[in-house]
Amino acid sequence: MNGTDPKRVRDLANALRALAMDGVQQANSGHPGMPMGMADVASVLFTGHLKYDPSAPDWPDRDRFVLSAGHGSMLLYGLLYLTGYGDMDLDGLRNFRQLGSRTPGHPEYGHGSGVETTTGPLGQGLGNGVGMALAERLMAARFGGDIVDHYTYVIAGDGCLMEGISHEAISLAGHLRLSKLILLFDDNGISIDGPTSLSVSDNQRARFEACGWNTLAVDGHDPDAVDRALAQARKSDRPTMIACRTVIGFGAPNKAGSAAAHGAPLGADEIAAAREQLGWPYPAFEIPDDILASWRDFGRRGGAGRELWESRLAGLEDGRRAEFERLQAGALPAGFDAAVADLKQRLVAERPGWATRKSSQEVLEVMTQAVPEMIGGSADLTGSNNTKTAATAPVSADDFGGRYVYYGVREHGMAAAMNGMALHGGLIPFGGTFLVFSDYCRPSIRLAALMGLRVVFVMTHDSIGLGEDGPTHQPVEQLAALRAIPNLNVFRPADAVETAECWQLAVQSSTRPSVMALTRQGLAAVRLADSEENLCGRGGYILAEAEGQRQITLLATGSEIGVAMAARALLQADGIGASVVSMPCHELFDEQPAAYRQTVLGSAPRIAIEAAVAMGWGRYLGDKGAFVGMEGFGASAPYESLYEHFGITPARVAELARKILD
């Protein structure tokens with residue numbers, strides 16, 4: 001322990017315990033037990049192993065620390081305060097769980113330095129940690145161990161390991177032999193309902209070993225044992241799980257080791273008794289000067305290593321250093337926009353009738369050449385999602401020089417890992433599955449939106465248009481469900497040009513994740529003239545204006561643009577002026593100035609057309625509006641038959657328009 005004796009570690013840990021007790025009590029809300037139980041382990045980690053520098057919290061080669069058991073957030077906040085992170089002070093701890101504080105109930109990325117990810121939904125942090133460890137290996141393969149050489153440490157509890165995402169995450173990490181990933185399992189045997197024996201009897205060490213991990217077990221209240229285990233884990237050629245046997249609420253004489261310490265304040269009397277038992281006579285939120293000085297000294301120790309790293313970075317050849325710095329800043333290569341413009345010109349000239357999943361692949365062929373930080377993947381649907389390109393060689397445990405991850409049938413783990421890669425920095429992850437399986441990814445998509453991450457979720461087979469696989473695979477409610485998530489762009493392009501524009505917007509979006517909803521079936525080209533402006537950037541635009549006075553407006557996305565255009569032709573033949581508005585991204589359209597939106601929507605009655613449920617379209621339709629789409633689940637048949645069966649046809653749209661205008 002670098003000369004630190006066990007008693008001193010216990011004093012340092014008791015500071016964490018006291019802050020956790022006091023913060024939760026002050027808020028009258030929270031989880032004191034986990035921080036009190038894991039305080040010894042965290043103290044050993046932060047004083048003897050973790051590479052960090054509070055004065056430069058975003059130092060690219062710092063170790064990452066993820067509190068997957070995010071309910072124990074006071075452990076993290078206490079560590080950040082004690083080690084000297086400038087934006088975490090005692091007032092922040094006193095205002096735990098209060099409006100506007102830097103100390104929300106669960107750690108939130110962006111609320112304070114040192115918070116590497118948003119956790120709370122159990123298991124998500126573990127999935128993020130796998131992505132961070134993978135990103136470290138990918139970046140090290142590009143820039144070498146002198147520039148990229150750090151560990152990812154994750155604290156996870158029983159709940160994290162019960163969640164299904166944990167299996168996907170640990171299996172992927174073991175398969176890729178992510179040896180710089182170290183998981184500290186808070187093995188306290190308690191959940192909110194009571195002893196974990198009520199609900200689970202897994203042998204966690206055997207489980208991890210079966211997935212290719214190295215495993216160790218220690219007494220989590222023995223600093224020397226924890227120290228030795230961490231040192232041993234750092235030498236492993238596989239990821240390591242250290243099962244730390246702890247007592248939840250350690251030090252609370254009446255509630256320790258029970259569910260009573262898990263999810264509620266201990267109460268004034270129990271806190272007073274705990275202070276006596278721990279030998280901590282100090283008032284609430286008071287840390288003795290000598291203990292705080294010791295913590296701050298440990299916090300300062302990382303500065304020398306950071307300065308050495310900065311000198312190594314400065315010694316890189318100018319081009320490599322500039323590239324590393326560009327990636328860390330999240331700036332796109334200088335030629336990106338020109339590459340997209342050239343591609344759009346070619347697509348306008350060729351007018352391909354591709355499925356938008358095929359259009360997406362053609363766009364990615366260009367973009368992955370132009371943007372080397374794009375890292376692709378698929379959840380065992382590479383040939384269907386069309387996410388693999390010539391520029392993205394496979395990633396494997398033996399070669400991290402590639403740019404394509406075969407995630408296997410692990411949609412949830414894939415999404416969480418992509419979030420971790422984006423959080424790590426230097427990479428832009430994208431990965432694919434079917435749109436109906438966005439339900440498996442949804443918790444991670446939601447957290448990507450909450451954190452404002454540049455992650456692209458490629459979702460193909462986006463409607464009944466996928467045909468014969470039937471209603472189990474035909475999404476009808478998923479578009480509405482995804483559009484309901486704040487700060488998420490849901491793109492549904494209508495042809496190859498729109499697909500190129502939507503991908504350009506997704507890659508440029510540094511503070512908002514994106515979903516690309518793409519078809520299985522071929523679609524006719526509808527963007528027949530080149531435009532320097534990215535029209536999809538408006539979210540919605542007039543694709544075809546009425547010939548003469550506009551009497552009806554047809555709104556549509558994706559594959560239903562073709563239905564709208566054909567319906568327009570029928571109406572125009574009857575002398576009814578019909579405009580078609582393409583709305584590939586509702587979210588971006590809603591952000592446009594009111595005058596623009598009014599110009600696009602017009603004052604004529606409106607019909608929305610989408611092979612999905614109507615939810616979310618009502619705000620665009622007005623009093624006389626109507627919707628043509630799905631009212632229930634799909635069916636198994638060729639897609640042409642399904643469109644006829646469910647009435648998503650030009651003839652029905654035209655008939656409905658005539659009725660509205662009568």
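Everything that follows concerns the structure shown earlier in this document.
First, a word on what this report is: a plain description of the structure on this page. (Residues numbered from 1 in each chain as written. Predicted model: local features only at pLDDT ≥ 70, side-chain atom pairs only at ≥ 80, totals over all residues. Heavy atoms only, no water.)

### Some points on the sheet that holds strand S17 (residues 606-609)
Thinking step 1. In space, the five strands of this open sheet follow the order S14-S16-S15-S17-S18, with mixed pairing throughout. The open sheet is flanked by strand S14 (541-544) and strand S18 (626-628), the only strands paired with a single partner. For this sheet the average axis-to-axis angle between neighbouring strands, irrespective of direction, equals 30°.
Thinking step 2. The sheet contact formed by strand S15 (residues 552-556) and S17 spans four bridges and is parallel. By the bridge assignment for S17, Thr-553 is matched with Arg-606. (Pairing = 2+ DSSP bridges. Helix = DSSP H or I, 4+ residues; strand = E, 2+ residues; numbered from the N terminus. Axes fitted to C-alpha atoms, helices over the stretch in contact; angles between N-to-C directions.)

### Concerning the nonpolar core
Thinking step 1. Core analysis: the largest hydrophobic core is formed by 138 residues, its most contacted members being Phe-65 and Ile-242.
Thinking step 2. The element that contributes the greatest number of residues to this core is helix H1 (residues 6-27), accounting for eleven residues.
Thinking step 3. When neighbours within four sequence positions are excluded, Ile-242 is seen to be in contact with Ile-182, Leu-183, Leu-184, Phe-185, Leu-216, Val-218, Ala-229, Leu-230 and Ala-233.
Thinking step 4. Of all hydrophobic cores here, the second largest spans 75 residues; its members include Val-476, Ile-607, Val-613 and Phe-627. (Core = buried A, V, L, I, M, F, W, Y, C linked by side-chain atoms within 4.5 Å. Buried < 20%, exposed > 50% of the residue type's maximum accessible area, 1.4 Å probe, protein only. Contact = heavy atoms within 4.5 Å.)

### Quick notes on the sheet that holds strand S3 (residues 181-187)
Thinking step 1. Read from one edge of the open sheet, five strands run S1-S2-S3-S7-S6, paired in parallel fashion. The open sheet is flanked by strand S1 (64-67) and strand S6 (214-219), the only strands paired with a single partner. Here the average twist between neighbouring strands, direction ignored, is 20°.
Thinking step 2. For S1 and strand S2 (residues 152-157), the ladder comprises four bridges, and the chain directions are parallel. Each bridged residue has a counterpart across the sheet, and for Val-66 the counterpart in S2 is Val-154.

### Points about the layout of surface pockets
Thinking step 1. In this structure, the largest pocket encloses a volume near 670 Å³.
Thinking step 2. Along the wall of the largest pocket there are 32 residues; nearest its centre are Tyr-109, Gln-328, Ala-422, Leu-423 and Gly-425.
Thinking step 3. Elements that contribute at least two residues to the lining of the largest pocket include exactly helix H13 (318-329) and helix H17 (411-424).
Thinking step 4. For the lining of the largest pocket, the per-class residue count stands at 14 nonpolar, twelve polar and six charged.
Thinking step 5. In this structure, the second largest pocket occupies an estimated 350 Å³ of space. (1 Å grid on protein atoms, 1.4 Å probe; cavity = no way out; pocket = protein on both sides within 12 Å on 5 of 7 lines; lining within 4 Å. Points joined across faces, edges and corners; volume = space filled by probe spheres on them. Nonpolar A, V, L, I, M, F, W, Y, C, P; charged D, E, K, R; others polar.)

### Comments concerning the side chain of Arg-326
Thinking step 1. Take Arg-326: it is sitting in helix H13.
Thinking step 2. Polar contacts involving the side chain of Arg-326 include one to the side chain of Glu-373, which spans 2.8 Å.
Thinking step 3. Aside from chain neighbours lying at most four places away, what touches Arg-326 is Ala-331, Leu-332, Pro-333, Pro-372 and Glu-373. (Polar contact = N/O pair within 3.5 Å; in protein donor to acceptor, adjacent residues only side chain to side chain.)

### Re the packing of aromatic side chains
Thinking step 1. As enumerated under the stated definition, the model contains 17 aromatic pairs in all.
Thinking step 2. Centre to centre, the rings of Phe-430 and Trp-503 are 5.7 Å apart; their planes meet at 80°, and the pair counts as edge-to-face. One end of the pair, Phe-430, is in strand S10 (residues 428-434); the other, Trp-503, is in helix H20 (residues 496-508), with 73 residues separating them in the sequence.
Thinking step 3. On the accessibility criterion, Phe-430 (0% relative accessible area) is buried.
Thinking step 4. An angle of 5° between the planes, with centres 5.6 Å apart, marks the rings of Phe-437 and Tyr-440 as stacked. (Phe/Tyr/Trp six-rings, centres within 6.5 Å; stacked < 30°, edge-to-face > 60°.)

### Some thoughts on the packing of helix H12 (residues 302-314) against H13
Thinking step 1. Running from amino to carboxyl end, H12 crosses H13 at an angle of 125°, the nearest separation of the two axes being 9 Å. Of the possible angle classes, the one that applies to H12 and H13 is oblique. Here Trp-309, Leu-313 and Ala-314 of H12 lie close against H13, whose contacting residues are Arg-321, Phe-324 and Glu-325.
Thinking step 2. The class makeup of the residues in the contact of H12 with H13 is four nonpolar, no polar and two charged. (Parallel < 35°, antiparallel > 145°, perpendicular 65-115°, else oblique.)

### What about empty space enclosed by the protein?
Thinking step 1. Counted under the stated rule, the structure contains four cavities of 30 Å³ or more.
Thinking step 2. Here the largest cavity defines a volume of roughly 90 Å³.
Thinking step 3. Every residue along the wall of the largest cavity is listed here: Phe-46, Leu-50, Tyr-52, Arg-62, Asp-63, Phe-65, Leu-80, Tyr-85, Gly-114 and Glu-116.
Thinking step 4. Looking at the lining of the largest cavity residue by residue, the classes come out as six nonpolar, one polar and three charged.

### Quick look at the pattern of salt bridges
Thinking step 1. Here the structure, examined in full by the defined rule, presents 37 salt bridges.
Thinking step 2. Residue Lys-51 pairs with Asp-61 through a salt bridge whose shortest N-O separation is 3.0 Å. On the criterion of sequence distance, the pair formed by Lys-51 in the loop between helix H2 (33-48) and S1 and Asp-61 in the loop between H2 and S1 is long-range, its members being ten residues apart.
Thinking step 3. On the basis of relative accessible area, Asp-61 is assigned to the buried category, the value being 2%.
Thinking step 4. With a shortest N-O distance of 3.1 Å, Arg-94 and Asp-91 are connected by a salt bridge. Of the two residues, Arg-94 and Asp-91 both sit in helix H4 (residues 90-94), three residues apart, roughly one turn of that helix.
Thinking step 5. When its relative accessible area of 47% is taken as the criterion, Asp-91 is described as partly exposed. (Salt bridge = Lys/Arg side-chain N within 4 Å of Asp/Glu carboxyl O.)

### So, H12
Thinking step 1. Look at H12: 18 Å from first C-alpha to last across 13 residues, which is about the 18 Å you get at 1.5 Å a residue.
Thinking step 2. Every buried residue of H12 is accounted for by Gly-302, Gly-303, Arg-306, Trp-309 and Leu-313. Looking straight down H12, one finds that the buried residues subtend no more than 120° of arc, so they occupy a single side. The exposed residues of H12 that point more than 90 degrees off its buried face are Leu-308 and Ala-314. (Expected span 1.5 Å × (residues − 1). Arc of directions from axis to C-beta.)

### A few points about the environment of Asp-623
Thinking step 1. As for its position among the elements, Asp-623 is in the loop between helix H24 (618-621) and S18.
Thinking step 2. Its relative accessible area of 85% is what places Asp-623 among the exposed residues.
Thinking step 3. Separated by 533 residues in sequence, Asp-623 and Leu-90 place their C-alpha atoms 55 Å apart.

### Digging into unusual backbone geometry
Thinking step 1. One non-glycine residue, Phe-285, lies in positive phi territory at about 65°.
Thinking step 2. The residue Phe-285 is located in the loop between helix H10 (268-278) and helix H11 (289-300) in this model.
Thinking step 3. Classification of Phe-285 as buried rests on a relative accessible area of 5%.
Thinking step 4. With a phi close to 60°, Asn-487 is a non-glycine residue in the positive phi region.
Thinking step 5. Inspection of the secondary structure assignment puts Asn-487 in the loop between helix H19 (478-483) and strand S12 (489-491).
Thinking step 6. Look at Asn-487 and you get partly exposed, because its relative accessible area is 30%.

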